[in-house]
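Here is what each chain is made of, one letter per residue.
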Amino acid sequence: VGRKGERAKMFSKLLLLTISLLILGHSDAFTTGLGALPTLKASTTNRCSSMLRMTASAEGTKLSFTQEMRNKAMSLHTFSQAPKEGKLKDQNVNTVVDQWQTTKEDYMQFLVDSRTVYEALEAAVQKPTLTTFVDTGLERVEPLNRDIKYLEDKYGLSVPATSKEATEYASFLLNLAETNPPAFVCHFYNYYFAHTAGGRMIGKKVMDETFGGYLFEFYQWEGDVKETLTEVKARIDALAQTWTREQKDSALAVTPDTFTKSGALLRVLVGKARERAVALVNKVQTKGGKIVKVPTAPYSLRKAAWDL
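What counts and how
Residues numbered from 1 in each chain as written. Predicted model: local features only at pLDDT ≥ 70, side-chain atom pairs only at ≥ 80, totals over all residues. Heavy atoms only, no water. Helix = DSSP H or I, 4+ residues; strand = E, 2+ residues; numbered from the N terminus. Contact = heavy atoms within 4.5 Å. Core = buried A, V, L, I, M, F, W, Y, C linked by side-chain atoms within 4.5 Å. Buried < 20%, exposed > 50% of the residue type's maximum accessible area, 1.4 Å probe, protein only. Axes fitted to C-alpha atoms, helices over the stretch in contact; angles between N-to-C directions. Parallel < 35°, antiparallel > 145°, perpendicular 65-115°, else oblique. Phe/Tyr/Trp six-rings, centres within 6.5 Å; stacked < 30°, edge-to-face > 60°. Lys NZ or Arg CZ within 6 Å of the ring centre and 35° of its normal. pLDDT = per-residue confidence, 0-100. Expected span 1.5 Å × (residues − 1).

### Let's talk about the overall build of the protein chain
Within the protein chain, the secondary structure is distributed over 13 helices and 4 strands. Of the contacts formed within the protein chain by residues at least 6 apart in sequence, a portion of 72% connects residues at least 24 apart.

As structure tokens, then:
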């Protein structure tokens, strides 16, 4: 009963405040009749009701930390990445997966780079403050080991060295787990969860177009992955309840960095095949045994506009 009384009083105060603001700053919101008190226009009444509903809704809704992270992440997605929730316009081919082209060698490099980052993530959660994320069911190192071996055996591909971007990101994550666990959790969340969503979309394109529909283990999980994600979100939210608001805000602030660092690993899949194909068609022009012209590949001409 006490809570109901407090809510009623708060609602009355909000109503009085709203009407007062309208009277003071929006006299045009009223109609007056001769000898009659002012009355609210119908359109203004609707706006007041809407404002009050929004206020009451906001007051009664408290987002979990994983919901806050998701909202922040979705605000950085483009329309092609997330047609329903994307907020940004695609500026170049880097974010338009349908235009990506890759080769088996490029994909091998991507798997090797991904393994290096996942190894760092799995090692980092062994820290005392992060052990809640040990054995979540999202681990990817072992599936990646098997996929890399498959590419070696099936196509005779050699295993390349890990790229500079992947090596630096792995080192960064290990250090972050020590110095700023909340920020690490933001990277952990965005890297793992992105792989189950957009990562699967990218994987399907590569598997269908480059490997004849072969399903890599990188995109397979034991049991229902949605249930696993729900469990991991619960672990994150439980840990986040021990943080201050300032710690949560600082963690959310690194979201763009998670996109930049993980996106650097995806660059290998975007368009190397285009330049290779053009190189086979365009030939160097010679005259009198001397090179007089070297055609510029269309990919190179457009590359500056594509780079992040």
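Moving on from the coordinates now.
### Considerations on the nonpolar core
In terms of nonpolar packing, the biggest core is built from 56 residues, with Tyr-107, Leu-111, Leu-121, Phe-184, Phe-216 and Phe-218 touching the most fellow members. For this core, the secondary structure elements donating two or more residues are helix H3 (65–74), helix H4 (104–124), helix H5 (141–155), helix H6 (164–179), helix H7 (181–196), helix H8 (198–210), helix H9 (225–240) and helix H10 (245–252). Among residues more than four places away in sequence, those in contact with Leu-121 are Leu-173, Phe-184, Phe-188, Tyr-191 and Tyr-192.

### Comments concerning the environment of Lys-233
By the element assignment, Lys-233 lies in helix H9. Taking relative accessible area as the criterion, Lys-233 reaches 32% and is therefore assigned partly exposed. It is 9.0 Å that separates the C-alpha atoms of Lys-233 and Gln-67, two residues lying 166 residues apart in sequence. The residues touching Lys-233, leaving out its near neighbours within four places in the chain, are Thr-66 and Phe-193.

### Some remarks on the packing of H4 against H6
Axis separation between H4 and H6 bottoms out at 9 Å; the angle between their running directions is 10°. Of the possible angle classes, the one that applies to H4 and H6 is roughly parallel. Judged by residue contacts, Asp-113, Thr-116, Val-117, Ala-120, Leu-121, Ala-123 and Ala-124 of H4 engage Ala-166, Tyr-169, Ala-170, Leu-173, Leu-174 and Ala-177 from H6.

### Quick look at the packing of aromatic side chains
On inspection of all chains with the given rule, the structure shows 21 aromatic pairs. Taking 6.0 Å as the distance between ring centres and 85° as the angle between the ring planes, the aromatic pair formed by Tyr-118 and Phe-218 counts as edge-to-face. Linking Tyr-118 in helix H4 with Phe-218 in the loop between H8 and H9, this pair joins segments that are 100 residues apart in sequence. A residue is classified by how much of its surface remains accessible, and Phe-218, at 1% relative accessible area, is buried. Measuring from ring centre to ring centre gives 6.3 Å for Tyr-150 and Tyr-155, while their planes differ by 85°; the resulting arrangement is edge-to-face. Judged by relative accessible area, Tyr-155 falls into the partly exposed class, the value being 30%. Taking NZ or CZ as reference, Lys-104 lies 5.6 Å from the ring centre of Phe-211, over its face.

### With respect to the side chain of Thr-136
The residue Thr-136 is located in the loop between H4 and H5 in this model. Once residues lying within four places of it in the same chain are set aside, the contact partners of Thr-136 are Thr-228, Val-232 and Arg-235.

### Topic: unusual backbone geometry
The phi torsion at Asp-135 lies on the positive side, around 55°, for a residue other than glycine. In this structure Asp-135 comes out as exposed when scored by relative accessible area, which is 63%.

### Considerations on the confidence of the model for the protein chain
Of the residues in the protein chain, 61% reach a pLDDT of 70 or more, and the chain-wide mean stands at 78. Segment residues 19–60 is flagged for pLDDT under 50; beyond a separation of four residues in sequence, or across chains, it makes 29 contacts in the model. Segment residues 301–308: pLDDT under 50, and 14 contacts once partners within four positions in sequence are set aside and those in other chains are kept.

### Focus: H4
Helix length check: H4, at 21 residues, gives a terminal C-alpha distance of 30 Å against a target of 30 Å (1.5 Å per residue), a fit within 8%. Here H4 lies mainly inside the structure; 16 of its 21 residues are buried.

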